[in-house]
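In case you want the letters, here they are:
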Amino acid sequence: MFNASIKVCAEVNSFVDNDIRVLEKNRAALLQEVARTVEEKGGALRTQRVQLEQLLHDFQHSCRVTEDVLTEGSRNEILALKRPLVRRLRELNRVKYAAEPRENDNIRFVPQKKALSEPKNERLIKGGIITQALCTEKCVLKADNNLSNVWVGSKVELVVVCHDPAGLPYKHGGEEVWAQLQAAHSGSPNHCSPVSVVDRRDGSYHLEFVPDQSGLYSLLITINAEHIQGSPFNVIVKPRLVKHVGVWHCCCFCSSGGRREAVCACHGSMPGGFKGCGHGHRGHPGRKHWSCCGKTSEHSSCSRHEITRRNIERSTVSVYREVTL
C-alpha cells in the first residue's frame, strides 16, 4: 500500500510538472511576442519621426534662405535665385506626409482554449497577442437573402464581417457581439425574437434567428456595446410561407406535353381546344409561373393555401395533376 501511494504521488507530480513546463513555455513565448511587437511598433514610429523632422528641417531651411534673399539680396540676386527657390518651395509643398502615427497603440491579450482533439500538452490555454484594432463603424452585415423577404417560421442566417479602421479584414475573434430582433409595429412593441451568435474566430460572426410572428422588425447588432454599420436594420417578416402544390413552368403546353385538358391558374388559353396557357397567347403572363396560383416568383408563397393537399389529391380535376401527368 505504501509503495503504491508513492507511485501515485510520483505520477501526480510528473503530470503537474509537465503542465507547469508547458505553461511556462507558453508564457515566455507570449512575453517575447509582446516585446517583439513593441519593438516593431516603436521602430516604425521612430522612422516616421525622423522623416517628419527631416521634412520640417527642409521647410525651415528653404523658408529661411528665401527670406534672407528677399530682405538682404539685390535685385539681380533676387532675379537670379527666383527660379530655383520657387522650384524648391513647390517641391516641398507637394511632398505627402502623414502627421498621424502610422502605428496604433493597440495591443491586448486574448485567451483561446485549445480543442480536446489536440495533443495533451496543447490543451492548456495558449492565448494570443492582438495588435489590430476593431472599428465597429466599418463592420458590415452580409445577408444571402433580402431582409424584406423573410417568412414566419423560416430560418434566417446572416454573417457579420469585422474590419479595422483602415477597412482591412479583422482576423480575430473574441469580441462581445450582441443581436436582437425587436418588433417595430405597435401591435407587439415588446415582442422580441432571440438571435443566436456564433464566433467563427476569424473576425466573422454567424447570426441565426427564426421569426415566429409577421410584421415589421428591427434587427439590432452591436459589437462591444457599439452598433455596427447600418444597425438597426429593417426586417419585414411575412406570414408563414405556403408551399406550392403545382409546378413551376413556362406554360401548360410545354409542361404537359401538349395535352388539351391541362389548365393553369394564370387563366391563359390557346386556340384549338387547349384549356391551358401557351407562349404568346391570351392570358399568358409572359414569364415562368406556378401552375397552382399563377405567381411569377419562384420563391413565393402559394396564394391557393385554402386548398389543402388532401383536397387536391381527392379532386378529380386537379391543377397539379392536369399539368404534371
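Quantities reported herein were computed from a predicted structural model and do not represent experimental measurements.

Quick word on empty space enclosed by the protein
Over the atoms, a rolled probe matching the size of one water molecule traces out where space is still vacant.
Line of reasoning, step 1. Considering all chains together, one arrives at 1 cavity of 30 Å³ or more under this definition.
Line of reasoning, step 2. Along the lines of polarity and charge, the residues of the lining of the largest cavity split into 6 nonpolar, 1 polar and 3 charged.

Topic: the confidence of the model for the protein
Line of reasoning, step 1. Mean pLDDT over the protein works out to 82, with 86% of the residues at or above the 70 mark.
Line of reasoning, step 2. Here residues 306-325 is modelled with pLDDT under 50, and outside its nearest four sequence neighbours on either side it reaches 32 contacts, counting other chains as well.

Regarding the sheet that holds strand S9 (residues 204-209)
Line of reasoning, step 1. Read across the open sheet, the 4 strands follow the order S3-S5-S9-S8; overall the sheet is antiparallel. The two strands at the open ends of the sheet, each matched to only one other strand, are strand S3 (140-143) and strand S8 (196-199). Averaged over all pairs of adjacent strands, the angle between strand axes in this sheet comes to 25°, irrespective of strand direction.
Line of reasoning, step 2. Note: S8 against S9, 4 bridges, orientation antiparallel. Within S9, the residue paired with serine 196 across the bridge is glutamate 208.

A few points about helix H1 (residues 2-72)
Line of reasoning, step 1. End to end, H1 covers 103 Å across 71 residues, agreeing with the expected 105 Å (1.5 Å per residue, within 8%).
Line of reasoning, step 2. All buried positions along H1 are accounted for by Asp19, Asn26, Leu30, Thr37, Lys41, Gly42, Gln48, Leu55, Asp58, Ser62, Thr66 and Val69.
Line of reasoning, step 3. On the buried face of H1, the contacting elements are helix H2 (75-94), strand S1 (108-110) and strand S2 (128-130).

Thoughts on H2
Line of reasoning, step 1. The terminal C-alpha atoms of H2, which comprises 20 residues, lie 28 Å apart, in line with the 28 Å expected from a rise of 1.5 Å per residue.
Line of reasoning, step 2. At lysine 82, H2 shows its largest kink, close to 45°, and the proline proline 84 lies no more than four residues downstream.

What about the packing of aromatic side chains?
Line of reasoning, step 1. Within the structure shown, the criterion is met by 2 aromatic pairs.
Line of reasoning, step 2. Relative to tryptophan 290, the ring of tryptophan 248 lies with its centre 5.5 Å away and its plane at 55°, an arrangement referred to as tilted. Of this pair, tryptophan 248 sits in strand S13 (residues 248-249) while tryptophan 290 sits in strand S14 (residues 289-290); the two residues are 42 residues apart in sequence, bridging distant segments of the chain.
Line of reasoning, step 3. Since its relative accessible area comes to 13%, tryptophan 290 is described here as buried.
Line of reasoning, step 4. Relative to phenylalanine 274, the ring of phenylalanine 253 has its centre 5.6 Å away and its plane inclined at 70°; by these criteria the two rings are edge-to-face. Highlighted residues: phenylalanine 253 in helix H3 (residues 252-255) and phenylalanine 274 in the loop between H3 and S14, separated in sequence by 21 residues.
Line of reasoning, step 5. We classify phenylalanine 253 as partly exposed; its relative accessible area is 38%.
Line of reasoning, step 6. The class of phenylalanine 274 is buried, set by a relative accessible area of 16%.
Line of reasoning, step 7. The positively charged end of arginine 260 is found above the aromatic ring belonging to phenylalanine 274, 4.9 Å away from the centroid.

Quick look at the side chain of histidine 284
Line of reasoning, step 1. Looking at the element boundaries, histidine 284 is found in the loop between H3 and S14.
Line of reasoning, step 2. A distance of 2.6 Å separates a polar side-chain atom of histidine 284 from the backbone oxygen of cysteine 250.
Line of reasoning, step 3. Sequence-distant contacts of histidine 284, that is, excluding residues within four places in its chain, are made with Cys250, Cys251, Gly268, Cys277, Gly278, His279 and His289.

Focus on the pattern of salt bridges
Close approach of charged atoms allows side chains with opposite charge to pair.
Line of reasoning, step 1. All told, the structure shown has 8 salt bridges when counted by the stated rule.
Line of reasoning, step 2. We note a salt bridge from arginine 27 to glutamate 24, for which the minimum N-O separation is 2.7 Å. Of the two residues, arginine 27 and glutamate 24 both sit in helix H1, 3 residues apart, roughly one turn of that helix.
Line of reasoning, step 3. You can call glutamate 24 partly exposed: its relative accessible area is 39%.
Line of reasoning, step 4. Between arginine 36 and glutamate 40 there is a salt bridge, with the nearest N and O atoms lying 3.0 Å from each other. Of the two residues, arginine 36 and glutamate 40 both sit in helix H1, 4 residues apart, roughly one turn of that helix.
Line of reasoning, step 5. Accessibility expressed as a relative area gives 42% for arginine 36, which makes it partly exposed.
Line of reasoning, step 6. Take glutamate 40: its relative accessible area is 47%, and that puts it in the partly exposed class.
Line of reasoning, step 7. Among the charged side chains, a salt-bridge network with shared partners connects Asp58, Arg88 and Glu91.

Focus on the pairing of strand S10 (residues 215-223)
Line of reasoning, step 1. With 7 of 9 residues buried, S10 is to be regarded as a mostly interior element.
Line of reasoning, step 2. Relative to S10, strand S6 (residues 177-183) is paired through 7 bridges, and the arrangement is antiparallel. By the bridge assignment, valine 177 is partnered in S10 with isoleucine 223.
Line of reasoning, step 3. One ladder, built from 5 bridges, connects S10 with strand S12 (residues 233-238); its direction is antiparallel. Residue pairing in the sheet places leucine 219 in a bridge with phenylalanine 233 of S12.
Line of reasoning, step 4. In this structure, S10 lies alongside strand S11 (residues 226-227), joined through 2 bridges in antiparallel fashion. The residue of S11 that forms the bridge with threonine 222 is histidine 227.

The rules behind these values
Residues numbered from 1 in each chain as written. Predicted model: local features only at pLDDT ≥ 70, side-chain atom pairs only at ≥ 80, totals over all residues. Heavy atoms only, no water. 1 Å grid on protein atoms, 1.4 Å probe; cavity = no way out; pocket = protein on both sides within 12 Å on 5 of 7 lines; lining within 4 Å. Points joined across faces, edges and corners; volume = space filled by probe spheres on them. Nonpolar A, V, L, I, M, F, W, Y, C, P; charged D, E, K, R; others polar. pLDDT = per-residue confidence, 0-100. Contact = heavy atoms within 4.5 Å. Pairing = 2+ DSSP bridges. Helix = DSSP H or I, 4+ residues; strand = E, 2+ residues; numbered from the N terminus. Axes fitted to C-alpha atoms, helices over the stretch in contact; angles between N-to-C directions. Expected span 1.5 Å × (residues − 1). Buried < 20%, exposed > 50% of the residue type's maximum accessible area, 1.4 Å probe, protein only. Bend = angle between axes of the 7 residues up to and from the residue. Phe/Tyr/Trp six-rings, centres within 6.5 Å; stacked < 30°, edge-to-face > 60°. Lys NZ or Arg CZ within 6 Å of the ring centre and 35° of its normal. Polar contact = N/O pair within 3.5 Å; in protein donor to acceptor, adjacent residues only side chain to side chain. Salt bridge = Lys/Arg side-chain N within 4 Å of Asp/Glu carboxyl O.

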